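# Descriptive structure summary
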Amino acid sequence: MRSIHLPIALLTLGLLAPLSPTWAHGEKPDQVRILQEQLPTNAPGKKAVMLTVSYGPGQASPAHQHPGAVMAYVLEGAVTSKLNDEPEKTYKTGEFWYEAPGTIHSVSRNASKTESAKLLVWSLVDEGRPVTEPLSQ
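Residues numbered from 1 in each chain as written. Predicted model: local features only at pLDDT ≥ 70, side-chain atom pairs only at ≥ 80, totals over all residues. Heavy atoms only, no water.

### Section: the pattern of salt bridges
Under the definition given, this model contains four salt bridges. With a shortest N-O distance of 2.5 Å, Asp126 and Lys46 are connected by a salt bridge. Of the two residues, Asp126 is situated in strand β9 (residues 117–126) and Lys46 in strand β2 (residues 46–55); the sequence distance between them amounts to 80 residues. When its relative accessible area of 29% is taken as the criterion, Lys46 is described as partly exposed. (Salt bridge = Lys/Arg side-chain N within 4 Å of Asp/Glu carboxyl O. Helix = DSSP H or I, 4+ residues; strand = E, 2+ residues; numbered from the N terminus. Buried < 20%, exposed > 50% of the residue type's maximum accessible area, 1.4 Å probe, protein only.)

Right, dumping it as structure tokens:
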């Protein structure tokens, strides 16, 4: 009987893993809020995700990458970002950027130590893949 329980447990874990709230953007459960997820009929095998990322004063995300394409728009405040080998750049409310799949996002932080910041993020990712993955060491 014991040999049956292990495969069932591993299968259950594998099915639930995509539902876990683990994001490279931080450990706070309210930092990332999924607004919607859709399976576009004109992009079989892909999932479109729209979410917000909220940064408290001085808050930053660990280095990460996105397996799918990402478009980010600053809703409020200012966010400093570093993509691949490009220099750090600070984006203010109303500004935006694009990240190609696999882009290394080594810096993502609130540019202010006193005010909050918030991003609107849209991503197109393969079904079953997370929007964000921690950067492999």
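Still to come is the rest of the account.
### Overview of the side chain of Ser112
Inspection of the secondary structure assignment puts Ser112 in the loop between β8 (104–110) and β9. Within the structure, the side chain of Ser112 is placed 2.9 Å from the backbone nitrogen of Glu115, a separation counted as a polar contact. If near-sequence neighbours (up to four positions away) are discounted, Ser112 is found in contact with Pro57 and Gly58. (Polar contact = N/O pair within 3.5 Å; in protein donor to acceptor, adjacent residues only side chain to side chain. Contact = heavy atoms within 4.5 Å.)

### A closer look at the environment of Asn84
You can see Asn84 is positioned in the loop between β5 (78–83) and β6 (89–92). A relative accessible area of 38% places Asn84 in the partly exposed class. Taking the C-alpha atoms as reference points, Asn84 and Thr103, separated by 19 residues in sequence, lie 6.1 Å from one another. Beyond its immediate chain neighbours, meaning those up to four positions away, Asn84 contacts Thr103 and Ile104.

### Comments concerning the confidence of the model for the chain
Mean pLDDT over the chain stands at 84; residues scoring 70 or higher make up 77%. For the stretch residues 1–24, pLDDT sits under 50, and the model shows 11 contacts to residues farther than four places along the chain or on other chains. (pLDDT = per-residue confidence, 0-100.)

### Concerning the nonpolar core
Most often, soluble globular proteins have nonpolar side chains that are buried together. Residues Leu51, Val53, Tyr55, Val79, Trp97, Leu119 and Val121 are the most contacted members of the largest nonpolar core, which totals 16 residues. Those elements that provide at least two residues to this core are β2, β4 (69–76), β5 and β9. Considering each element in turn, this core owes the most residues, four residues, to β2. Once residues within four sequence positions are removed from consideration, Val79 is found in contact with Tyr55, Lys89, Thr90, Tyr91, Trp97, Ser108, Arg109, Ala111, Ala117 and Leu119. (Core = buried A, V, L, I, M, F, W, Y, C linked by side-chain atoms within 4.5 Å.)

### Digging into the sheet that holds strand β10 (residues 133–134)
Sheet architecture is open: five strands sit in the order β6-β5-β8-β3-β10, paired in antiparallel fashion. Bordering the open sheet on either side are β6 and β10, each of which pairs with just one other strand. Pairing of β5 with β6 involves four bridges; the strand directions are antiparallel. Bridging from a neighbouring strand, Ser81 pairs with Lys89 of β6. (Pairing = 2+ DSSP bridges.)

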